[in-house]
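# Analysis of the macromolecular model
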Amino acid sequence: MTRIISLVICALMIGLFVISRTASAPNGVPQNLAPVGLPASLPAGLEEEIKRVEAEIDKIFADTLAQLPSIPTDFGSRMKRVQTLGKLLLFDKQLSVNRNQACTFCHMPYVDFTGPISILNMTTVAYPGSVRNASADPAQSRYGHRKPQSYTYAPYYPVLQYNQAQGDFYGGNFWDLRATGAFMQNPAAEQAQDPPIDANEMGFPDTACVVRRLSQSPYRGFFEAVWGAQAFVITWPADVDQVCGKPGPPPAGDPLPVRLSTVDRGRSNATYDQFALAIAAYEAAPDISPFSSKFDYALANPDQKVLTQDEQAGWDMFRGKAKCNTCHLDGTESVARKITPGDAASVAPLFTDFTSSNLGVPRNPAIPYYNENKPDRYGYTANPAGSAFVDKGVGDFLRNPRLNPNSDWARLAPQFDGKFQVSTLRNVDKRPRPDFVKAYMHNGYFKSLKEVVHFYNTRDKLPRCQPGAPGEKVSCWPAPEVPQNMDTTIGNLGLTNEQEDQLVAFMKTLTDGYKPQQALQRK
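Residues numbered from 1 in each chain as written. Predicted model: local features only at pLDDT ≥ 70, side-chain atom pairs only at ≥ 80, totals over all residues. Heavy atoms only, no water.

## Re the overall build of the protein
Note the cut-off: Under the scheme used here, helices are H or I runs from DSSP no shorter than 4 residues and strands are E runs no shorter than 2 residues, and both carry numbers assigned from the N terminus. Only protein chains enter the calculation, and the probe is 1.4 Å; a residue is then buried if its accessible area is under 20% of its type maximum, exposed if over 50%, and partly exposed in between. Whether two residues are in contact is decided by their heavy atoms, any of which lying within 4.5 Å being enough. The method behind every accessible area is Shrake-Rupley, applied with a 1.4 Å probe, and residues are considered shielded solely by the protein chains displayed.
Within the protein, the regular secondary structure consists of 14 helices and four strands. Across the 523 residues of the protein, 59% fall into the buried class. Pairs at least 24 residues apart make up 68% of the contacts formed inside the protein by residues separated by at least 6 positions. On the protein, roughly 21400 Å² of surface is accessible, and the fraction owed to carbon and sulfur atoms is 54%.

Here's what the structure looks like:
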């Protein structure tokens, strides 16, 4: 983005990095948010921001709960019921080990269901989980190890499959595609099942703990109305609440610490699947994935001049010189000629090809996960490798027999080291206010669309430099975290600074909620 973001941030706790002010650069790219020395304190205002987001979540949850009596019980309202249930589940803080974190703490609507705290996006990128102190001090709290990913349009990703002819994977959810959809045939639903039992996120030691909390929820009856009275017909052991109150992971050699009979475990698993399916239904709802951007309006009205001159120029480059349409499919052919909305082959493009790619993104050492190499107060060590950890993305998923549902895929792991999901570009610029900073890529290394485009344009043209060096992100780039399997489509596109800005202008047209000027004038 050509507008320079002004921000001030204090340093992080020991092992994190101080973030410097952004400053203007000759090409309009924000100067590097560089690590400088040892930290002294938490980001200023973080505790207040956490309270703000928690209050927003509480209000949305309460408002949704109050709507339940008004929802009809007839056949024609089934979709409304399951989507409303999914919304309740996403905004319910009780579905975390310490009853303090809803899914939406990391995925709020006004920022495209990704991280809602600007100062975290600027610094840690990852968000604190349920196991944390009040201020989310990284030295005393568990943090995830990647940027929170968006929910919008996630239900459109297909079940993960390997295309032998193309030598590539298609589908799946999460940055590393590990929510394959192999079991439920729904990657979005399987994605929803992971955070509650992720020790660094919502922190339960057992999926049955989620079902137990659901059975105690104020909307239990609504859940049963959607899925059936059998959902909670489970004989719970006397110590279930004690077990579910202790943060995961489960003890070594005891993956299911909630002691259930075989029949009750099967019933609990089925209810947990229904929990996930309801969330996926909500994510697919028109309120969440609405295809209502300015670009969509242009496609729907090809006889009108909707896009500005810069937006149209950006779209032309998106398909042509910038090669974005190679992976982020926009429903048109990739040709170096002017194209109009009337030429689109798809009127609902998802701006992804459902694959994964290694773009050569540099490592982001500001993520607290690199410092989680010692046992916490529960004896859990999140990252034994410490600062030596390398995030290999899809490759690591394929190597992990606990995550990979097809052992035949394990041999492909080296070919997919460093690759991460080609995410949709829809809502890539959605934010609550102009100065709100979003983080981009799996590790949040980039802090603006301008930085992303400049990287795509100059990755292979500019010299290498050390992280924090003068000119980083402007006139030089650090080495990629994983140099193998890098995408060579990008890196030296030959775009001018103006063309980079035009490309950003086009991507901003993909934000949902566009209201045409004529419609506003008629009101």
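Still to come is the rest of the account.
## A word on the packing of helix H12 (residues 449–458) against helix H13 (residues 497–507)
Selection rule: Axes here mean lines fitted to C-alpha atoms, for a helix over just the part in contact, with angles spanning 0 to 180 degrees between N-to-C directions. Small angles under 35 degrees read as roughly parallel and large ones over 145 as roughly antiparallel, with 65 to 115 read as roughly perpendicular and the rest as oblique. By definition, any crossing whose near helix is turned counterclockwise from its far helix by less than a right angle is left-handed, and any crossing with a clockwise turn is right-handed. Classes in brief: Ala, Val, Leu, Ile, Met, Phe, Trp, Tyr, Cys and Pro nonpolar; Asp, Glu, Lys and Arg charged; the others, Gly included, polar.
Contact geometry of H12 with H13 gives a least axis separation of 9 Å together with a crossing angle of 125°. Between H12 and H13, the angle is such that the two are oblique. Handedness of the H12/H13 crossing: right-handed. Of the residues in H13, those in contact with Leu449, Lys450, Val453, His454 and Asn457 of H12 are Asn497, Glu500, Asp501, Leu503, Val504 and Met507. Of the residues that constitute the contact of H12 with H13, the class distribution is five nonpolar, three polar and three charged.

## Here's the deal with helix H5 (residues 207–215)
Keep this limit in mind: N or O atoms within 3.5 Å of each other form a polar contact, as long as, within protein, one can give a hydrogen and the other can take it, and as long as residues adjacent in sequence are counted only when both atoms are side-chain atoms.
In terms of burial, H5 is largely enclosed, as nine of its nine residues are buried. Residues Thr207, Ala208, Cys209, Val210, Val211, Arg212, Arg213, Leu214 and Ser215 constitute the buried set of H5. Residues of H5 that are buried sit in contact with helix H2 (78–90), helix H6 (220–227), helix H7 (240–244) and helix H8 (262–283). Its side-chain oxygen 2.8 Å from the backbone nitrogen of Ala208, Asp206 forms the N-cap of H5.

## Some words on the confidence of the model for the protein
Note the following rule: On a range of 0 to 100, pLDDT expresses the predictor's confidence in each residue.
Averaged over the protein, the pLDDT score is 90; the fraction of residues at 70 or greater is 89%. Scored below 50 in pLDDT, residues 1–41 makes 120 contacts in the model with residues more than four places away or belonging to other chains.

## Comments concerning the nonpolar core
So the rule is basically this: Nonpolar cores were defined as sets of buried Ala, Val, Leu, Ile, Met, Phe, Trp, Tyr and Cys residues, with membership established by side-chain atoms within 4.5 Å.
Of all hydrophobic cores here, the largest spans 75 residues; its most connected members are Leu89, Ile117, Leu214, Tyr219, Val258 and Phe275. Of the residues forming this core, the biggest block, eight residues, is contributed by H8. Apart from the residues lying within four places of it in its own chain, the contact partners of Tyr219 are Phe61, Leu65, Leu68, Leu85, Leu88, Leu89, Asp92, Leu95 and Leu214. Counting 34 residues, the second largest nonpolar core, distinct from the first, contains Tyr445, Phe446, Trp477 and Leu503.

## Section: unusual backbone geometry
Cis geometry is found at the peptide bond from Gly248 to Pro249, where omega equals 5°. Relative to the elements of secondary structure, Pro249 occurs in the loop between H7 and H8. Unlike most non-glycine residues, Lys473 shows phi in positive territory, near 75°.

## Here's the deal with the state of the cysteines
What counts is decided by this rule: Any two cysteine sulfur atoms lying within 2.5 Å of each other are counted as a disulfide.
Scanning all chains against the criterion turns up two disulfides. For Cys209, the disulfide goes to Cys244, at an S-S distance of 2.2 Å. Judged by the sign of its S-S torsion, about -85°, the cystine formed by Cys209 and Cys244 is left-handed. Of this pair, Cys209 sits in helix H5 while Cys244 sits in helix H7, and the two are 35 residues apart along the sequence.

## Re the pattern of salt bridges
Quick note on the threshold: When a carboxyl oxygen of Asp or Glu is within 4 Å of a side-chain nitrogen of Lys or Arg, the pair counts as a salt bridge.
The full count for this structure, using the stated rule, is 26 salt bridges. A salt bridge links Asp254 to Arg259, with the shortest nitrogen-to-oxygen separation between them at 3.0 Å. In this structure Arg259 comes out as exposed when scored by relative accessible area, which is 51%. What emerges from the salt-bridge pattern is a single network uniting Arg146, Asp176, Arg178, Asp194 and Asp391.

## Describing the environment of Arg259
By the secondary structure assignment, Arg259 is in the loop between H7 and H8. Sequence separation of Arg259 and Ala238 is 21 residues, and the distance between their C-alpha atoms is 9.4 Å. Not counting residues up to four positions away in its chain, the partners in contact with Arg259 are Pro237 and Asp254. Among the polar contacts listed, one links the side chain of Arg259 to the side chain of Asp254, at a separation of 3.0 Å.

## Section: the packing of aromatic side chains
Centre-to-centre distance and the angle between the planes together describe a pair of aromatic rings. Where we set the bar: Stacked, tilted and edge-to-face pairs are distinguished by plane angle, under 30 degrees for stacked and over 60 for edge-to-face with tilted covering the rest, among Phe, Tyr and Trp rings (Trp via its six-membered ring) whose centres lie within 6.5 Å. Only when the NZ of Lys or the CZ of Arg is both within 6 Å of the ring centre and within 35 degrees of the ring normal is a charge said to sit over the ring.
Under the counting rule described, the total for this entry stands at 26 aromatic pairs. Through a chain of ring-to-ring contacts, the aromatic side chains of Phe295, Trp315, Phe318, Phe351 and Phe506 assemble into a single cluster. For the cation-ring pair, Arg132 lies above Phe105, with the distance from its terminal atom to the ring centre recorded as 4.8 Å. Positioned over the ring face of Phe416 is Lys419, at 4.7 Å from the centre of the ring.

## Looking at the side chain of Arg146
Looking at the element boundaries, Arg146 is found in the loop between helix H3 (118–122) and strand E1 (161–163). Overall, Arg146 belongs to the buried group, its relative accessible area being 12%. Side chain to side chain, Arg146 and Asp176 meet in a polar contact 3.2 Å long. Of note is the side chain of Arg146, whose polar atom sits 2.8 Å from the side chain of Asp391.

## Re the side chain of Ser96
Inspection of the secondary structure puts Ser96 in the loop between H2 and H3. Among residues more than four places away in sequence, those in contact with Ser96 are Gln101, Ser130, Met202, Phe204 and Arg213.

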